[in-house]
Amino acid sequence: MEINVKNLEDIAVVELAGDVDASTAPQVQQQILPLAQPNSKILLDMSQVPYMSSAGLRVLLSLYRQTTAKNGKLVLVGLSEDLQDTMSVTGFLDFFTTGETREAALTELQESVA
């Protein structure tokens, strides 16, 4: 699992690469949950995530809850068709704002008023 965090102005861009499962979810949680600060804007690029288990979905939900509780905004980008299907079936997709491209997601975050 590779996790890269970059800051573009006031937006934290997180790039995940690799499966997010029971063995990697704790690492993901440890590195990305602290990004959920008051009025934070987070772009989570998942274009290099081929598989996500229920443990990964729990991490995403935790990040969503912490971000929104602190008046922040989270946008997911690069979801594979399999991940979108899984998130749709479980109802998780309804919680998240998704972007088709990284540029669209950055625009969404830049236009949001935190």
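A brief report on the enclosed structure follows. Bear in mind that the values here come from a model prediction, so they are computed numbers and not experimental data.

### Focus on the sheet that holds strand 2 (residues 11-17)
So, step 1. With mixed pairing, the five strands of this open sheet are ordered in space as 1-2-3-4-5. The open sheet is flanked by strand 1 (2-8) and strand 5 (97-99), the only strands paired with a single partner. Adjacent strand axes in the sheet meet at a mean angle of 25° when their direction is disregarded.
So, step 2. Of the strands in this sheet, strand 1 and strand 2 touch helix 1 (residues 25-32), which is tilted by about 15° from strand 1.
So, step 3. Along the sheet, helix 4 (residues 102-111) makes contact with strand 1, strand 2, strand 3 (41-48), strand 4 (73-77) and strand 5, crossing strand 3 at roughly 170°.

### As for the environment of L60
So, step 1. Looking at where L60 falls in the secondary structure, it is placed in helix 2 (residues 54-69).
So, step 2. Expressed as a C-alpha distance, the spacing of L60 and F96, which sit 36 residues apart in the sequence, is 9.2 Å.
So, step 3. Among all residues touching L60, those that are not within four sequence positions of it are L44, M46, M52, L76, M87 and F96.

### Observations concerning the pattern of salt bridges
So, step 1. Inspection of the entire model under this criterion finds five salt bridges.
So, step 2. When the shortest N-O distance is used, the salt bridge between D45 and R102 registers 2.8 Å. In this pair, D45 sits in strand 3 while R102 sits in helix 4, placing the two residues 57 residues apart along the sequence.
So, step 3. Looking at D45, the relative accessible area reads 10%, which means it is buried.
So, step 4. By relative accessible area, R102 is classed as partly exposed at 24%.
So, step 5. Taken together, the salt bridges that share partners define one network made up of K6, E15, D45 and R102.

### Quick look at helix 2
So, step 1. A rise of 1.5 Å per residue sets the reference length of helix 2, with its 16 residues, at 22 Å; its end C-alpha atoms lie 22 Å apart and thus fit the reference within 8%.
So, step 2. Of the residues making up helix 2, those classed as buried are A55, G56, L57, V59, L60, L61, L63 and T67.
So, step 3. Taken together, the buried residues of helix 2 touch helix 1, strand 3, strand 4 and helix 3 (81-89).
So, step 4. In the segment just after helix 2, N71 is the residue with positive phi, at about 60°.

### Remarks on unusual backbone geometry
So, step 1. Residues other than glycine seldom take positive phi values, yet E9 does so here, at roughly 55°.
So, step 2. If you check the backbone angles, N39 has positive phi at about 60° while not being a glycine.
So, step 3. In this structure, N39 sits in the loop between helix 1 and strand 3.

Reading guide: rules and limits
- Residues numbered from 1 in each chain as written.
- Predicted model: local features only at pLDDT ≥ 70, side-chain atom pairs only at ≥ 80, totals over all residues.
- Heavy atoms only, no water.
- Pairing = 2+ DSSP bridges.
- Helix = DSSP H or I, 4+ residues; strand = E, 2+ residues; numbered from the N terminus.
- Axes fitted to C-alpha atoms, helices over the stretch in contact; angles between N-to-C directions.
- Contact = heavy atoms within 4.5 Å.
- Salt bridge = Lys/Arg side-chain N within 4 Å of Asp/Glu carboxyl O.
- Buried < 20%, exposed > 50% of the residue type's maximum accessible area, 1.4 Å probe, protein only.
- Expected span 1.5 Å × (residues − 1).

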